[in-house]
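Geometric and topological summary
Chain by chain, the residues run as shown.
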Amino acid sequence: MALVPRPLTAEAFAPYGEVFAVPDTVGVRTSFDTGLANLRPHVPASLSIILAAPVPQPVVVEVIERHVFTSQSLVPMAAARWVIVVAPGTAEDRPDLAAAEAFLPAPGQGITLAPGTWHAPLTVLDAPCPFALLMWRDYGSEDEEVIAIPPMMVAL
């Protein structure tokens with residue numbers, strides 16, 4: 001199965017979460033908080049910074065994950081090409097890999113994944129890139145589910 005990424009738009013990504021971007025006007029502040037969610041009020045917010053390494057190409061996705069109780073925001077802190085692979089859930093609470101989609105964010109775009117959204121790990125394409133990640137974490141295993149999947153190629 002090969003996924004062909006399409007441009008990231010708010011409309012196309014809506015089933016999976018929220019898209020945000022740098023405002024076009026200097027001095028304008030835009031809030032992107034409708035996608036933020038914490039389904040466990042006792043769990044604190046966590047802001048992490050990661051220097052994501054580029055993955056070999058062609059991109060092959062072999063695991064998919066989700067955070068059941070929290071949204072997860074991915075904010076690139078430098079210009080870089082990256083891809084986000086997502087999949088809806090099934091009635092059996094598993095990822096629907098046949099309906100998986102891939103998106104290529106434009107420069108200045110980030111995302112917030114809705115709680116429970118199946119997604120591939122952060123996938124940077126060309127060079128290392130720092131990302132800020134915002135979610136609610138207690139560092140327990142009950143919020144993060146990672147499963148192996150049959151290899152899925154992303155055709156760039």
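Before any of the text, the structure's been laid out above.
These figures come from a predicted structure and were not determined experimentally. (Residues numbered from 1 in each chain as written. Predicted model: local features only at pLDDT ≥ 70, side-chain atom pairs only at ≥ 80, totals over all residues. Heavy atoms only, no water.)

Let us now look at the pairing of strand 9 (residues 109–113). Side-chain positions along a regular strand alternate between the two faces of the sheet. Burial runs high along strand 9: five of the five residues are buried. Burial along strand 9 is two-sided: Q109, I111 and L113 and G110 and T112, pointing in opposite directions, are all buried. As paired strands, strand 3 (residues 17–21) and strand 9 are joined by five bridges and run antiparallel to one another. Bridge assignment links E18 to a residue of strand 9, and that residue is T112. As paired elements, strand 6 (residues 72–76) and strand 9 share three bridges and run antiparallel to each other. Each residue of the ladder has a partner; that of L74, found in strand 9, is I111. (Buried < 20%, exposed > 50% of the residue type's maximum accessible area, 1.4 Å probe, protein only. Helix = DSSP H or I, 4+ residues; strand = E, 2+ residues; numbered from the N terminus. Pairing = 2+ DSSP bridges.)

Volume-wise, the largest pocket comes out at about 310 Å³. For the lining of the largest pocket, the secondary-structure elements that each account for two or more residues are strand 4 (45–52), strand 5 (59–67), strand 6 and strand 12 (129–136). A total of three residues in the lining of the largest pocket trace back to one element, the largest contributor, which is strand 4. The volume enclosed by the second largest pocket comes to roughly 220 Å³. As for the second largest pocket, its lining consists of 13 residues, and the residues nearest its centre are F20, A21, F32, V75 and G110. Sorting the residues of the lining of the second largest pocket by element identifies strand 3, strand 6 and strand 9 as the ones contributing at least two each. (1 Å grid on protein atoms, 1.4 Å probe; cavity = no way out; pocket = protein on both sides within 12 Å on 5 of 7 lines; lining within 4 Å. Points joined across faces, edges and corners; volume = space filled by probe spheres on them.)

Geometrically, the link from Q57 to P58 is a cis peptide bond, its omega value of 10° lying close to zero. Along the chain, the position of P58 falls in the loop between strand 4 and strand 5. Although it is not a glycine, D93 adopts a positive phi angle of roughly 65°. When you line up the elements, D93 lands in the loop between strand 7 (82–87) and strand 8 (101–104). Positive phi values are uncommon outside glycine, yet Y139 reaches one of about 65°. Among the secondary structure elements, Y139 is positioned in the loop between strand 12 and strand 13 (144–154).

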